[in-house]
Amino acid sequence: MKNLDSVFAAYAAGWAIFFAYYLTVARRTAALREDIEHLKDLLKRSK
Amino acid sequence: MMKHALGGALVVVLLVAAAYAAFFVAPTDVKQGLIYRILFLHVPSAWTGLVAFFVCFIANLLYVWRRAPRWDWLGISAAEVGLAFTTVVLVTGPIWAHPVWGIWWTWDARLTSTFVLWLLYVSYLVLRTLVEEPDRRALFSALFGIFAFIDVPLVFGSIRWWRTQHPQPVIMGEPGSGLDPTMRKVLFFSWLAMLGLMTLLLKARYRVEAMRGELETIRREAEVL
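Since the model is a prediction, treat every value here as computed from it, not as a measurement.

At the interface, 35 residues of chain B touch 28 residues of chain A. Taken together, the two surfaces of chain B and chain A that pack against each other cover about 3,000 Å², and 81% of this comes from carbon and sulfur. Applying the counting rule to chain B against chain A returns two salt bridges. In this structure, Glu80 of chain B engages Arg28 of chain A in a salt bridge whose closest nitrogen and oxygen atoms are separated by 2.9 Å. Where chain B touches chain A, the interface holds four residue pairs in polar contact (both at pLDDT 80 or more). Counting residues per element, the ones that place at least two in the side of chain B that touches chain A are α1 (2–25), α2 (39–66), α3 (69–101) and α7 (181–224) of chain B. No other element matches α7 of chain B, which puts 14 residues into the side of chain B that touches chain A. For the side of chain B that touches chain A, the class distribution of residues is 25 nonpolar, three polar and seven charged.

And the structure:
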(Lines give C-alpha, C1' and ligand atoms only; values in the text may rest on other atoms or scores of the structure.)
Protein backbone atom coordinates (compact mmCIF):
# COMPACT_ATOMS: atom_id res chain seq x y z
CA MET A 1 0.00 0.00 0.00
CA LYS A 2 2.97 2.29 -0.64
CA ASN A 3 2.01 5.81 -1.82
CA LEU A 4 -1.67 5.34 -0.98
CA ASP A 5 -1.59 8.81 0.65
CA SER A 6 -0.39 10.39 -2.64
CA VAL A 7 -3.10 8.62 -4.65
CA PHE A 8 -5.71 9.74 -2.12
CA ALA A 9 -4.33 13.32 -2.18
CA ALA A 10 -4.44 13.47 -5.99
CA TYR A 11 -8.03 12.21 -6.24
CA ALA A 12 -9.19 14.40 -3.33
CA ALA A 13 -7.57 17.51 -4.86
CA GLY A 14 -8.90 16.72 -8.33
CA TRP A 15 -12.48 16.21 -7.20
CA ALA A 16 -12.31 19.23 -4.89
CA ILE A 17 -11.35 21.43 -7.88
CA PHE A 18 -14.22 20.12 -10.01
CA PHE A 19 -16.69 20.47 -7.14
CA ALA A 20 -15.51 24.00 -6.25
CA TYR A 21 -15.83 25.04 -9.91
CA TYR A 22 -19.33 23.59 -10.15
CA LEU A 23 -20.27 25.51 -6.98
CA THR A 24 -19.06 28.82 -8.43
CA VAL A 25 -21.13 28.21 -11.59
CA ALA A 26 -24.21 27.28 -9.52
CA ARG A 27 -23.80 30.43 -7.38
CA ARG A 28 -23.48 32.65 -10.44
CA THR A 29 -26.59 31.04 -11.95
CA ALA A 30 -28.59 31.61 -8.75
CA ALA A 31 -27.46 35.26 -8.47
CA LEU A 32 -28.33 35.97 -12.11
CA ARG A 33 -31.73 34.30 -11.80
CA GLU A 34 -32.46 36.51 -8.82
CA ASP A 35 -31.37 39.66 -10.72
CA ILE A 36 -33.51 38.73 -13.74
CA GLU A 37 -36.59 38.08 -11.60
CA HIS A 38 -36.04 41.35 -9.74
CA LEU A 39 -35.72 43.37 -12.95
CA LYS A 40 -38.72 41.68 -14.55
CA ASP A 41 -40.73 42.49 -11.46
CA LEU A 42 -39.64 46.16 -11.58
CA LEU A 43 -40.53 46.35 -15.28
CA LYS A 44 -43.97 44.87 -14.68
CA ARG A 45 -44.70 47.41 -11.97
CA SER A 46 -43.52 50.36 -14.06
CA LYS A 47 -45.72 49.41 -17.06
CA MET B 1 -35.45 20.10 -16.03
CA MET B 2 -36.02 16.33 -15.80
CA LYS B 3 -33.72 15.80 -18.80
CA HIS B 4 -31.06 17.94 -17.10
CA ALA B 5 -31.28 15.95 -13.85
CA LEU B 6 -31.08 12.67 -15.76
CA GLY B 7 -27.98 13.86 -17.61
CA GLY B 8 -26.35 14.87 -14.30
CA ALA B 9 -27.21 11.51 -12.71
CA LEU B 10 -25.77 9.64 -15.70
CA VAL B 11 -22.50 11.59 -15.45
CA VAL B 12 -22.26 10.89 -11.69
CA VAL B 13 -22.81 7.15 -12.32
CA LEU B 14 -20.13 7.21 -15.06
CA LEU B 15 -17.65 9.00 -12.77
CA VAL B 16 -18.25 6.58 -9.87
CA ALA B 17 -17.89 3.60 -12.25
CA ALA B 18 -14.67 5.09 -13.67
CA ALA B 19 -13.23 5.58 -10.15
CA TYR B 20 -14.18 1.99 -9.26
CA ALA B 21 -12.52 0.70 -12.45
CA ALA B 22 -9.39 2.79 -11.77
CA PHE B 23 -8.95 1.27 -8.29
CA PHE B 24 -10.39 -2.24 -8.58
CA VAL B 25 -10.40 -3.29 -12.25
CA ALA B 26 -7.11 -1.94 -13.66
CA PRO B 27 -4.18 -4.16 -12.62
CA THR B 28 -1.38 -2.74 -10.45
CA ASP B 29 1.62 -1.50 -12.43
CA VAL B 30 4.73 -3.66 -11.89
CA LYS B 31 7.16 -0.70 -11.86
CA GLN B 32 5.20 2.08 -10.14
CA GLY B 33 2.77 0.10 -7.96
CA LEU B 34 -0.30 1.88 -6.60
CA ILE B 35 0.79 5.45 -7.46
CA TYR B 36 0.26 4.91 -11.20
CA ARG B 37 -3.54 4.87 -10.58
CA ILE B 38 -3.35 8.69 -10.64
CA LEU B 39 -3.06 8.12 -14.42
CA PHE B 40 -6.84 7.50 -14.60
CA LEU B 41 -7.56 11.01 -13.30
CA HIS B 42 -4.53 12.90 -14.63
CA VAL B 43 -4.53 11.78 -18.29
CA PRO B 44 -8.32 11.92 -18.97
CA SER B 45 -8.38 15.39 -17.35
CA ALA B 46 -5.56 16.50 -19.66
CA TRP B 47 -7.26 15.15 -22.79
CA THR B 48 -10.61 16.63 -21.77
CA GLY B 49 -9.01 20.02 -21.10
CA LEU B 50 -7.58 19.99 -24.63
CA VAL B 51 -11.00 19.05 -26.06
CA ALA B 52 -12.55 22.01 -24.17
CA PHE B 53 -9.89 24.37 -25.58
CA PHE B 54 -10.61 23.01 -29.05
CA VAL B 55 -14.32 23.79 -28.54
CA CYS B 56 -13.26 27.30 -27.43
CA PHE B 57 -11.11 27.67 -30.56
CA ILE B 58 -13.97 26.67 -32.87
CA ALA B 59 -16.36 29.02 -31.03
CA ASN B 60 -13.79 31.85 -31.34
CA LEU B 61 -13.44 31.28 -35.09
CA LEU B 62 -17.22 31.20 -35.49
CA TYR B 63 -17.57 34.42 -33.50
CA VAL B 64 -15.06 36.22 -35.72
CA TRP B 65 -16.93 34.95 -38.78
CA ARG B 66 -20.56 35.32 -37.67
CA ARG B 67 -20.41 37.84 -34.78
CA ALA B 68 -23.28 36.04 -33.02
CA PRO B 69 -23.19 36.35 -29.20
CA ARG B 70 -23.84 32.65 -28.70
CA TRP B 71 -20.35 31.83 -30.06
CA ASP B 72 -18.82 34.26 -27.59
CA TRP B 73 -20.80 32.60 -24.78
CA LEU B 74 -19.61 29.16 -25.88
CA GLY B 75 -16.01 30.42 -26.16
CA ILE B 76 -15.83 31.82 -22.63
CA SER B 77 -17.64 28.77 -21.23
CA ALA B 78 -15.27 26.31 -22.90
CA ALA B 79 -12.20 28.34 -21.86
CA GLU B 80 -13.26 28.29 -18.22
CA VAL B 81 -14.13 24.58 -18.24
CA GLY B 82 -10.84 23.78 -20.00
CA LEU B 83 -9.02 25.74 -17.31
CA ALA B 84 -10.71 23.71 -14.55
CA PHE B 85 -9.51 20.46 -16.19
CA THR B 86 -6.01 21.82 -16.80
CA THR B 87 -5.81 22.96 -13.16
CA VAL B 88 -6.54 19.36 -12.12
CA VAL B 89 -3.72 18.21 -14.43
CA LEU B 90 -1.25 20.73 -12.95
CA VAL B 91 -2.18 19.72 -9.39
CA THR B 92 -2.29 15.93 -9.80
CA GLY B 93 0.90 15.84 -11.94
CA PRO B 94 3.28 17.00 -9.18
CA ILE B 95 1.55 14.73 -6.61
CA TRP B 96 2.34 11.81 -8.94
CA ALA B 97 5.80 13.10 -9.90
CA HIS B 98 7.17 13.53 -6.39
CA PRO B 99 7.27 9.85 -5.33
CA VAL B 100 8.27 8.67 -8.84
CA TRP B 101 10.80 11.31 -10.00
CA GLY B 102 11.87 12.61 -6.58
CA ILE B 103 10.88 16.15 -7.62
CA TRP B 104 7.57 18.02 -7.71
CA TRP B 105 8.23 19.95 -10.90
CA THR B 106 10.72 20.40 -13.71
CA TRP B 107 10.70 22.84 -16.61
CA ASP B 108 10.62 20.22 -19.37
CA ALA B 109 8.73 20.75 -22.64
CA ARG B 110 5.49 19.01 -21.60
CA LEU B 111 5.18 20.58 -18.15
CA THR B 112 6.19 24.04 -19.35
CA SER B 113 3.89 24.04 -22.39
CA THR B 114 0.98 22.89 -20.18
CA PHE B 115 1.70 25.62 -17.64
CA VAL B 116 1.90 28.19 -20.47
CA LEU B 117 -1.44 26.89 -21.79
CA TRP B 118 -2.97 27.44 -18.34
CA LEU B 119 -1.52 30.97 -18.19
CA LEU B 120 -2.81 31.78 -21.68
CA TYR B 121 -6.40 30.86 -20.82
CA VAL B 122 -6.19 32.68 -17.47
CA SER B 123 -5.13 35.72 -19.55
CA TYR B 124 -8.13 35.11 -21.83
CA LEU B 125 -10.42 35.39 -18.80
CA VAL B 126 -8.58 38.45 -17.45
CA LEU B 127 -8.76 40.16 -20.85
CA ARG B 128 -12.55 39.92 -20.76
CA THR B 129 -12.68 41.91 -17.53
CA LEU B 130 -10.64 44.74 -19.10
CA VAL B 131 -12.95 45.58 -22.02
CA GLU B 132 -16.39 46.94 -21.11
CA GLU B 133 -18.11 47.25 -24.47
CA PRO B 134 -19.64 43.78 -25.16
CA ASP B 135 -18.94 43.55 -28.92
CA ARG B 136 -15.33 44.69 -28.59
CA ARG B 137 -14.82 42.38 -25.61
CA ALA B 138 -16.18 39.42 -27.57
CA LEU B 139 -14.01 40.20 -30.62
CA PHE B 140 -10.80 40.78 -28.65
CA SER B 141 -11.23 37.64 -26.62
CA ALA B 142 -12.09 35.59 -29.72
CA LEU B 143 -8.89 36.80 -31.41
CA PHE B 144 -6.87 36.12 -28.26
CA GLY B 145 -8.49 32.68 -27.95
CA ILE B 146 -7.44 31.80 -31.51
CA PHE B 147 -3.87 32.86 -30.66
CA ALA B 148 -3.90 30.93 -27.35
CA PHE B 149 -4.88 27.70 -29.12
CA ILE B 150 -1.46 27.67 -30.86
CA ASP B 151 -0.09 26.15 -27.63
CA VAL B 152 -2.43 23.11 -27.79
CA PRO B 153 -0.51 21.32 -30.61
CA LEU B 154 2.71 22.15 -28.73
CA VAL B 155 1.37 20.44 -25.58
CA PHE B 156 0.32 17.43 -27.66
CA GLY B 157 3.61 17.19 -29.56
CA SER B 158 6.01 18.09 -26.74
CA ILE B 159 6.55 14.49 -25.58
CA ARG B 160 6.86 13.31 -29.20
CA TRP B 161 9.25 15.96 -30.49
CA TRP B 162 11.56 16.54 -27.50
CA ARG B 163 13.23 14.49 -24.78
CA THR B 164 11.30 15.13 -21.59
CA GLN B 165 11.23 14.10 -17.95
CA HIS B 166 7.52 13.51 -18.54
CA PRO B 167 6.90 9.95 -19.85
CA GLN B 168 6.58 9.35 -23.57
CA PRO B 169 3.03 8.82 -24.94
CA VAL B 170 1.28 5.57 -24.04
CA ILE B 171 -1.45 6.20 -26.62
CA MET B 172 -0.55 7.03 -30.25
CA GLY B 173 3.12 6.68 -29.30
CA GLU B 174 6.03 4.84 -30.91
CA PRO B 175 5.84 1.09 -31.69
CA GLY B 176 6.37 -0.86 -28.48
CA SER B 177 4.90 1.86 -26.29
CA GLY B 178 1.45 1.36 -24.88
CA LEU B 179 -0.63 0.12 -22.01
CA ASP B 180 -1.85 -3.24 -20.82
CA PRO B 181 -5.23 -3.88 -22.58
CA THR B 182 -7.25 -3.65 -19.32
CA MET B 183 -5.47 -0.43 -18.29
CA ARG B 184 -6.20 0.94 -21.76
CA LYS B 185 -9.91 0.14 -21.49
CA VAL B 186 -10.12 1.73 -18.03
CA LEU B 187 -8.26 4.79 -19.32
CA PHE B 188 -10.70 5.29 -22.20
CA PHE B 189 -13.68 4.65 -19.95
CA SER B 190 -12.36 7.29 -17.51
CA TRP B 191 -12.00 9.69 -20.44
CA LEU B 192 -15.61 9.03 -21.45
CA ALA B 193 -16.69 9.88 -17.88
CA MET B 194 -14.60 13.08 -17.98
CA LEU B 195 -16.13 14.06 -21.33
CA GLY B 196 -19.54 13.63 -19.69
CA LEU B 197 -18.45 15.90 -16.84
CA MET B 198 -17.11 18.44 -19.35
CA THR B 199 -20.45 18.49 -21.21
CA LEU B 200 -22.33 18.98 -17.95
CA LEU B 201 -20.07 21.84 -16.81
CA LEU B 202 -20.08 23.42 -20.26
CA LYS B 203 -23.89 23.45 -20.40
CA ALA B 204 -24.13 24.91 -16.89
CA ARG B 205 -21.54 27.60 -17.67
CA TYR B 206 -23.18 28.44 -21.01
CA ARG B 207 -26.47 28.97 -19.17
CA VAL B 208 -24.73 31.63 -17.03
CA GLU B 209 -23.70 33.54 -20.17
CA ALA B 210 -27.16 33.16 -21.73
CA MET B 211 -28.71 34.55 -18.54
CA ARG B 212 -26.24 37.47 -18.61
CA GLY B 213 -27.41 38.17 -22.15
CA GLU B 214 -31.04 38.05 -21.03
CA LEU B 215 -30.25 40.39 -18.12
CA GLU B 216 -28.63 42.87 -20.52
CA THR B 217 -31.72 42.81 -22.77
CA ILE B 218 -34.05 43.45 -19.82
CA ARG B 219 -31.79 46.28 -18.59
CA ARG B 220 -31.89 47.92 -22.03
CA GLU B 221 -35.66 47.55 -22.07
CA ALA B 222 -35.84 49.14 -18.61
CA GLU B 223 -33.68 52.06 -19.79
CA VAL B 224 -36.05 52.71 -22.71
CA LEU B 225 -38.97 52.86 -20.30
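All right, on to the pattern of salt bridges then. All chains considered together, the criterion is met by eight salt bridges over all chains. For Glu214 of chain B, the salt bridge goes to Lys40 of chain A, with nearest N and O atoms at 3.4 Å. Of this pair, Glu214 of chain B sits in helix α7 while Lys40 of chain A is found in helix α1 (residues 4–46), placing the two residues in two different chains. Glu214 of chain B gets classed as partly exposed once you look at its relative accessible area, which sits at 33%. A single network of salt bridges, built from pairs that share partners, joins Arg28 of chain A together with Glu80, Arg205, Glu209 and Arg212 of chain B.

For the rest of this paragraph, the subject is unusual backbone geometry. With a phi close to 70 degrees, Asn3 of chain A is a non-glycine residue in the positive phi region. One can find Asn3 of chain A in the segment before α1. Even without being a glycine, Arg67 of chain B presents a positive backbone phi close to 60 degrees. The topology assignment puts Arg67 of chain B in the loop between α2 and α3. Arg67 of chain B gets classed as partly exposed once you look at its relative accessible area, which sits at 46%.

Looking now at the side chain of Glu209 of chain B. Residues and elements named next belong to chain B. With respect to the helices, strands and loops of the structure, Glu209 is situated in helix α7. At 2.9 Å, the side chain of Glu209 and the side chain of Arg205 are in polar contact. Contacts of Glu209, omitting those with residues within four sequence positions, involve Trp73, Ile76 and Ser77.

Right, let's talk about the packing of α1 of chain A against α3 of chain B for a bit. Relative to each other, α1 of chain A and α3 of chain B sit at 165 degrees, their axes nearing to 9 Å. One finds that α1 of chain A runs roughly antiparallel with respect to α3 of chain B. For the pair α1 of chain A and α3 of chain B, the sense of crossing is right-handed. Here Ser6, Ala9, Ala10, Ala13, Gly14, Ile17, Phe18, Tyr21 and Arg28 of chain A of α1 of chain A come into contact with α3 of chain B, specifically with Glu80, Val81, Ala84, Phe85, Thr87, Val88, Val91, Thr92, Ile95 and Pro99 of chain B. In terms of residue class, the contact of α1 of chain A with α3 of chain B is made up of 13 nonpolar, four polar and two charged.

Moving on to a positive patch on the surface. Taken together, Arg33 of chain A together with Lys3, Lys203 and Arg207 of chain B make up a surface patch of like positive charges. On the secondary structure map, Arg207 of chain B appears in helix α7.

Bringing the nonpolar core into the picture now. Residues Leu39, Phe40, Phe85, Tyr121 and Leu197 of chain B are the most contacted members of the largest nonpolar core, which totals 64 residues. When residues of this core are traced back to their parent elements, those giving at least two are α1 of chain A together with α1, α2, α3, α4 (109–130), α6 (151–161) and α7 of chain B. Here the element with the most residues in this core is α7 of chain B; it accounts for 14 residues. In contact with Leu39 of chain B, other than residues within four places in its own chain, are Pro44, Trp96, Leu179 and Leu187 of chain B.

What follows is about α3 of chain B. The terminal C-alpha atoms of α3 of chain B, which comprises 33 residues, lie 46 Å apart, in line with the 48 Å expected from a rise of 1.5 Å per residue. Phi turns positive, to about 85 degrees, at Gly102 of chain B, one or two residues after α3 of chain B.

Residues and elements named next belong to chain B. Under the criterion given, the structure shown has 20 aromatic pairs over all chains. Taking 5.4 Å as the distance between ring centres and 75 degrees as the angle between the ring planes, the aromatic pair formed by Trp105 and Trp107 counts as edge-to-face. When its relative accessible area of 27% is taken as the criterion, Trp105 is described as partly exposed. Here Trp107 falls in the exposed class, since its relative accessible area comes to 59%. Members of the aromatic cluster, each reached through a chain of ring pairs, are Trp105, Trp107, Phe115 and Trp118.

Cut-offs and rules
Residues numbered from 1 in each chain as written. Chains lettered and ligands numbered in written order. Predicted model: local features only at pLDDT ≥ 70, side-chain atom pairs only at ≥ 80, totals over all residues. Heavy atoms only, no water. Contact = heavy atoms within 4.5 Å. Buried area = accessible area lost by both parts, 1.4 Å probe. Salt bridge = Lys/Arg side-chain N within 4 Å of Asp/Glu carboxyl O. Polar contact = N/O pair within 3.5 Å; in protein donor to acceptor, adjacent residues only side chain to side chain. Helix = DSSP H or I, 4+ residues; strand = E, 2+ residues; numbered from the N terminus. Nonpolar A, V, L, I, M, F, W, Y, C, P; charged D, E, K, R; others polar. Buried < 20%, exposed > 50% of the residue type's maximum accessible area, 1.4 Å probe, protein only. Axes fitted to C-alpha atoms, helices over the stretch in contact; angles between N-to-C directions. Parallel < 35°, antiparallel > 145°, perpendicular 65-115°, else oblique. Left-handed = near helix turned anticlockwise from the far one by under 90°. Patch = residues over 30% accessible without salt bridge, like charges linked within 9 Å, V, L, I, M, F, W, Y side chains within 5 Å. Areas by Shrake-Rupley, 256 points an atom, 1.4 Å probe, with all protein chains shown as cover. Lys, Arg positive; Asp, Glu negative; His and termini not counted. Charge placed at Lys NZ, Arg CZ, Asp CG, Glu CD. Core = buried A, V, L, I, M, F, W, Y, C linked by side-chain atoms within 4.5 Å. Expected span 1.5 Å × (residues − 1). Phe/Tyr/Trp six-rings, centres within 6.5 Å; stacked < 30°, edge-to-face > 60°.

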